[in-house]
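Residue-level structural notes
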Amino acid sequence: MTSPTKMQAPTLLTDEEKMLANYVPVYVMLPLGTITNDNVLENKEGLEKQLKELRKAAVDGVMVDVWWGIVETKGPQQYDWSGYRSLFQLIQECGLKVQAIMSFHQCCGNVGDAVTIPLPQWVLDIGESNLDIFYTSRAGNRNKEYLSIGVDNLPIFAGRTAVQIYSDYMKSFRVNMSDFLEAGLIVDIEVGLGPAGELRYPSYPPNQGWIFPGIGEFQCFDKYMEADFRKAATTAGHPEWNLPDNAGEYNDKPESTEFFKPNGRYLTEEGKFFLTWYSNKLLSHGDQILDEANKAFLGCKVKLAAKVAGIHWWYRDESHAAELTAGFYNLKDRDGYRPIARMLSRHYAILNFTCLEMRDSEHIAEAKSAPEALVQQVLSGGWREQIEVAGENAISRYDRAAYNQMLLNARPNGISRNGPPKLKMFGVTYLRLSDDLMEWKNFRIFKTFVRKMHADKEYCPDPKKYRNHVVPLERSRPKIPIEELLKATKPMESFPFDKETDMTVGGALANLLDNLIGNIASIFK
């Protein structure tokens, strides 16, 4: 006799359930200074009004920078989470979810930084007597945005290493936010791994004179990184090899440097050794800190995430110079991003990529910029390594062209009416909440954007229905040997992307209609 279990027919999905599988949740990044340097929630009433508007627009949640320079500013392990507890309480009351960024970097000096939030003062005090804790250019310029990778494992911060500092901070966050974690308010923990919270070197700092589309500079000339390179070169049997002294300055073009010019030094044995060392240091840095994050949040129903910068200028140049100085050893015959995705895979982490809104045609020809191809390459690499990918826009935009590009990248082959699409991003974060976004015309288009990200479906409070169910975080898998990570440098064709999204927010006709409605509305003001 056949058992009732075996006789049971498979559950058939309804048309509604099939369409919901195309749903991409939308988060909105909060202003950088939402919590002031004095650890106070800024303009609570105004923020509450905006959060309620986001909720009415069916936005799924918000992204929040949890600044190290605010929380641990009074001294080592003297944490004050009061401002963020007030903020999270408000967000919870407004019915939104939270993506929390462990922001171990300075706020100031990058595009869009409207406020200044330095590293904790006690850390800067240590730096006064030891400037080598900071990233350093060949000319000796120190960058105080983020601690150098060279001090990751040196106990020079009141007896702690930089990695221990980050680990203790995350453990304290878990303890002090346990009620919000248990309530499911916090869904993602994005771990800051470099300047602007991105896994990269600070190779193109505007506050040191960099201007787009300069190639940037290598940032490995603090004494700790220099010693590490000398040791690596000697071990490799080449003690005579040195860090590059011919890679130009921040605003140079590739062809004006000995290192990046056609058939330049970057293609020599010495150049390849340096670039491998430089990029591997970044991989190891991200891997070690994500391992600490995994231990800190073990068992919590959250996803870990890491942000990777979208260095799209000089992508069409043979040298990919701007990517190389940032730490992404990416060439036509070497994939610089899939090893990062492979590293993230052992931590069950999301790869969060930037510049989703950009199109090649929007940039000057001399920059040899290709954001579309870059996004395609990075997302494809993530999907090939079987990890979740998410993304955000790099610059605040309110136009339909930008939204349509983001929609295309979120579902590169469109929606599927038979269940989950072949390719779909885990989530999209819009940068950022502002008075400009809330302006009538801009917010009207934004609401359409959210609706289209949701595949024309109503807000869905249950992530299981769109395949984003988050389970308790498991312990990271065993460390992947660097040799295995580097096998992922083998280039592969990117997955094909459609030319346009099938969930458009409209084009020229819609813009014309907006202007007409705006003109009529102004008459009756």
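Predicted, not measured: the structure shown is a model, and the values here were computed from it.

**What to know about the sheet that holds strand 2 (residues 61-67)**
Taking strand neighbours around the barrel as the criterion, the 8 strands line up as 1-2-3-6-7-8-9-10 in a closed arrangement whose pairing is parallel. Here the average twist between neighbouring strands, direction ignored, is 30°. Pairing of strand 1 (residues 26-29) with strand 2, which is carried by 3 bridges, proceeds in the parallel orientation. Along strand 2, the bridge assignment pairs Y27 with G61.

**Considerations on the pattern of salt bridges**
Summed over the entire model, instances satisfying the criterion amount to 32 salt bridges. Note that E385 is salt-bridged to R342, the shortest N-O span being 2.9 Å. Residue E385 is located in the loop between helix 13 (371-384) and strand 9 (389-392), and its partner R342 is located in helix 12 (residues 338-345); the two are separated by 43 residues in the primary sequence. Grouping residues by exposure puts E385 and R342 together as buried. Residue E458 pairs with R451 through a salt bridge whose shortest N-O separation is 2.9 Å. When its relative accessible area of 33% is taken as the criterion, R451 is described as partly exposed. If you follow the salt bridges from partner to partner, you end up with D287, D291, R346, R475 and K479 in one network.

**Thoughts on the side chain of T257**
Structurally, the position occupied by T257 is in the loop between helix 9 (223-235) and helix 10 (269-296). By relative accessible area, T257 is classed as buried at 3%. Within the local environment of T257, its side chain forms a polar contact with the backbone oxygen of P254, the two atoms lying 3.0 Å apart. When near neighbours in sequence (up to four residues on either side) are disregarded, T257 contacts I215, N246, A247, G248 and D252.

**Some points on the packing of helix 10 against helix 12**
Contact geometry for helix 10 and helix 12: axes closest at 10 Å, N-to-C directions at 20°. As far as their axial angle goes, helix 12 and helix 10 are roughly parallel. Crossing angle aside, the handedness with which helix 10 passes helix 12 is right-handed. The residues of helix 12 that touch helix 10, namely those facing L283, G286, D287 and L290, are P339, I340, M343 and L344.

**Examining the packing of helix 7 (residues 162-176) against helix 10**
One can describe the packing of helix 7 onto helix 10 by two numbers: an axis separation of 9 Å at closest approach and a directional angle of 25°. Here helix 7 lies roughly parallel to helix 10, going by the angle between them. Between helix 7 and helix 10 lies a crossing whose hand is right-handed. Here V163, Y166, S167, M170, K171 and R174 of helix 7 come into contact with helix 10, specifically with Q288, I289, E292, A293 and A296.

**With respect to unusual backbone geometry**
Following F212, the chain continues into P213 via a peptide bond in cis, with omega recorded as 5°. Following the sequence through the fold, P213 ends up in the loop between strand 6 (186-191) and helix 9. With omega at -10°, the peptide bond leading from L431 into R432 counts as cis. The backbone of K368 sits at a positive phi, close to 45°, despite the residue not being glycine. Mapping K368 onto the fold places it in the loop between strand 8 (350-353) and helix 13. Judged by relative accessible area, K368 falls into the partly exposed class, the value being 36%. Its identity as a non-glycine residue notwithstanding, D456 has a phi of 65°, on the positive side. Mapped onto the secondary structure, D456 falls in the loop between helix 16 (440-453) and helix 17 (482-486).

**Here's the deal with the packing of aromatic side chains**
Counted according to the given criterion, the structure contains 40 aromatic pairs. Taking 6.3 Å as the distance between ring centres and 55° as the angle between the ring planes, the aromatic pair formed by Y403 and F446 counts as tilted. A residue pair is termed long-range when its members are at least 10 positions apart, and Y403 in helix 14 (residues 400-410) and F446 in helix 16 qualify at 43 residues. Grouping aromatic residues by their ring pairs yields a cluster made of W68, Y79, W81, Y84, F88, F104, Y146, Y166, Y169, F173, F180 and F297. A cation over a ring is seen here: R55 above Y459, with NZ or CZ 3.7 Å from the ring centre. The ring of F495 carries the charged tip of R384 above its face, separated from the ring centre by 4.3 Å.

**A closer look at the confidence of the model for the protein**
Averaged over every residue, the pLDDT of the protein is 95; the share at 70 or more is 96%. A low-confidence stretch, residues 1-7 stays under pLDDT 50, and its non-local contacts, those more than four residues away or across chains, total 1 contact.

**Quick notes on helix 5 (residues 82-93)**
With 12 residues, helix 5 extends 17 Å from end C-alpha to end C-alpha; this agrees with the ideal 16 Å at 1.5 Å per step. Among the residues of helix 5, those classed as buried are G83, Y84, L87, F88, L90 and I91. Projected down its long axis, helix 5 carries its buried residues within an arc of 160°, all on one side. A positive backbone phi angle near 80° is found at G95, which sits one or two residues after helix 5.

The rules behind each value
Chains are numbered independently. Their residues run from 1 in the order of the written sequence. Under the rules for a predicted model, residues below a pLDDT of 70 receive no local features and side-chain atom pairs below 80 are neither given nor counted, while totals for whole chains, interfaces and linings still include all residues. Values reported for side chains reflect all heavy atoms of the structure, with hydrogen atoms and water molecules removed beforehand. A pair of strands counts as paired when DSSP detects no fewer than two bridges linking them. By definition, any uninterrupted DSSP run of H or I lasting at least four residues is a helix, any uninterrupted run of E lasting at least two residues is a strand, and each is numbered from the N terminus. For helices, the fitted axis covers only the stretch in contact; all axes are lines through C-alpha atoms, and the angles between them, taken along N-to-C directions, range from 0 to 180 degrees. Take a side-chain nitrogen of Lys or Arg and a carboxyl oxygen of Asp or Glu: if they are within 4 Å of each other, that pair is a salt bridge. Type-normalised accessible area, obtained with a 1.4 Å probe on protein chains alone, sets the label of each residue: buried when under 20%, exposed when over 50%, and partly exposed for intermediate values. Think of a polar contact as two N or O atoms within 3.5 Å of one another; within protein, one of them needs to be a possible hydrogen donor and the other a possible acceptor, and neighboring residues in sequence only count if both atoms come from side chains. We call two residues in contact when some of their heavy atoms are within 4.5 Å. Any angle from 65 to 115 degrees is called roughly perpendicular, while one under 35 is roughly parallel, one over 145 is roughly antiparallel, and all others are oblique. Each crossing is labelled by how the near helix is turned from the far one, with a counterclockwise turn of less than a right angle marking it left-handed and a clockwise turn marking it right-handed. Only Phe, Tyr and Trp rings take part, Trp by its six-membered ring, and two of them pair if their centres are within 6.5 Å. Stacked means planes under 30 degrees apart, edge-to-face means over 60, and tilted covers everything else. Two conditions define a charge sitting above a ring: the NZ of Lys or the CZ of Arg must be within 6 Å of the ring centre, and it must be within 35 degrees of the ring normal. You can read pLDDT as the predictor saying how much it trusts each residue, on a scale of 0 to 100. For a helix, the expected span equals 1.5 Å multiplied by the residue count minus one. This arc describes the spread of directions from the helix axis toward the C-beta atoms.

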